[in-house]
Structures are given as structure tokens and as C-alpha cells.
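Now for the letters of each chain:
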Amino acid sequence: MSAKKVVVFDYGFGNVRSAERALAHVGADVEITRDFDRAMNADGLLVPGVGAFAACMQGLRDARGEWVIGRRLSGGRPVMGICVGMQVLFARGIEHGVETDGLDEWPGTVEPLKAPVVPHMGWNTVAPAEGSTLFAGLDADTRYYFVHSYAVREWTLDVTNEAIRPPLVTWAEHGEPFVAAVENGPLWATQFHPEKSGDAGSQLLTNWIGTL
């Protein structure tokens, strides 16, 4: 079986080389690019993100990232966001009192974490959603690497259509609960960094690639 083609979307705000190495390590055929056609035609699209919400959103728009993500999802084609690459999938972000529109794939607001120590930097456990594919094969006490000061503290999407599988939401805690990962049809995302999470991160990426 040929390796799955994964594009790491290069819009100027993410650890693209780390993501490339981690994906290659688990057997993906990886390319770093912002080329529209290549990003559209890949088996999977990975959207990293590091930095401020507003700056990442501007970088995405400048690279036509919102079009790429939206069109892939409308066709059921897999997309995975990491860190701020997850945060921009929500409706809005608030940093230093400034509100910025996100991609609005999910309702919700990215806000400052309320914790004794911020940023949340280091290893932490999560509480995977029941039936999760992303966390398959991983123990409940497995730790993942986080580095962030903002998070989604409330999940507000309510699916009432019984024919539609509701999103699987994984939570973590640092001072308060926050959304650590989401699995929603072709759209998956993690607040932590799989590419910096050692063997656990490799298993997560393997799980994702297995769905492509």
C-alpha cells in the first residue's frame, strides 16, 4: 500500500519542520506547501499554528487557507489542526481584549486560561472521549505536550439530529477544564502538540493517518 500524502500547510505560523518529521516518522509522504491545488488534493491536510490568534488568522487568509480548509471539509476530506491551528477553527478568539473572527467550523470562543500558572507549558494527561479513534491504543495516564495560554473553556455545539454522529470532545485541565482535542467527521484537532509528544504523539498521528 502506498504512503498517504499529507500536506503541512505553510502559512507562516507553525512548527512545520517538526510536523513534517513527525509525520514522515509514522510513514506519511509529507510535503510542506501553501500551494492551493496540492493542499486540496492531498489525502490529509495538517494545519499547525504557533503565536497569536489574530496573526495566525491573517496568515491563513493571506495564504487562502480558509478556502482550502472550507473546501476540503465540504467534500469530506480530512483536516487536522494543532495548537493555534485548532483554535482558529472556532468562531472567535479573544486576546488582550481584542476579538478576532475565526473560521467558525465550530461555535465557541478561545479565551485566556484561568490558572495559577500561565502559560500551560509541559506534559499533561487528557480525558479522551468515549469511542475516540484519535486516542486508540493509548492509556488514560498517557501525557501529551502542551504550550498555550489560551483555550476553549466551553463546548457549545449541540447536535440534535440523531442521524449525525456528535463530535467527540476530549478534555484536559490546567486550573480549569478546557478542550484538548476534537474529532468531528473529517475535521480533527488537538490543543497539544503531537509532534512534540514522543511515542504518544506518534500513535496519535498514526491513528489519524489510518483514517485517510
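Scroll up to find the structure.
Since this is a predicted model, take the numbers as computed values, not measurements.

Enquirer: Kindly report on the packing of aromatic side chains, identifying the contributing residues and their values.
Expert: Evaluation of the coordinates by the stated rule reveals 11 aromatic pairs. One residue, R64, lies across the ring of F36, its end atom 4.2 Å from the ring centre.

Enquirer: Account for the sheet that holds strand 11 (residues 168-173), with residues named and values stated.
Expert: One open sheet holds the seven strands; their spatial order is 2-1-3-4-13-12-11, and the pairing between them is mixed. Pairing within the sheet leaves two strands with one partner each, and these edge strands are strand 2 (29-33) and strand 11. Taking each pair of neighbouring strands and ignoring which way they run, the sheet shows an average axis angle of 25°. Of the strand pairs in this sheet, strand 3 (residues 44-47) and strand 4 (residues 79-82) are connected by three bridges, and their pairing is parallel. Looking at the pairing, L46 lines up with M80 of strand 4.

Enquirer: Tell me about helix 1 (residues 16-25), and name the residues and values.
Expert: Of the positions making up helix 1, those classed as buried are V16, A19, A22 and L23. Across the axial projection of helix 1, the buried residues extend over an arc of 130°, all falling on one side. Along helix 1, the residues that are exposed and aim more than 90 degrees away from the buried face are R21 and H25. The inward-facing, buried residues of helix 1 contact strand 1 (5-9), strand 2, strand 3 and helix 6 (198-209). Positioned one or two residues after helix 1, G27 has a phi angle of 100°, which is positive.

Calculation criteria
Residues numbered from 1 in each chain as written. Predicted model: local features only at pLDDT ≥ 70, side-chain atom pairs only at ≥ 80, totals over all residues. Heavy atoms only, no water. Phe/Tyr/Trp six-rings, centres within 6.5 Å; stacked < 30°, edge-to-face > 60°. Lys NZ or Arg CZ within 6 Å of the ring centre and 35° of its normal. Pairing = 2+ DSSP bridges. Helix = DSSP H or I, 4+ residues; strand = E, 2+ residues; numbered from the N terminus. Axes fitted to C-alpha atoms, helices over the stretch in contact; angles between N-to-C directions. Buried < 20%, exposed > 50% of the residue type's maximum accessible area, 1.4 Å probe, protein only. Arc of directions from axis to C-beta. Contact = heavy atoms within 4.5 Å.

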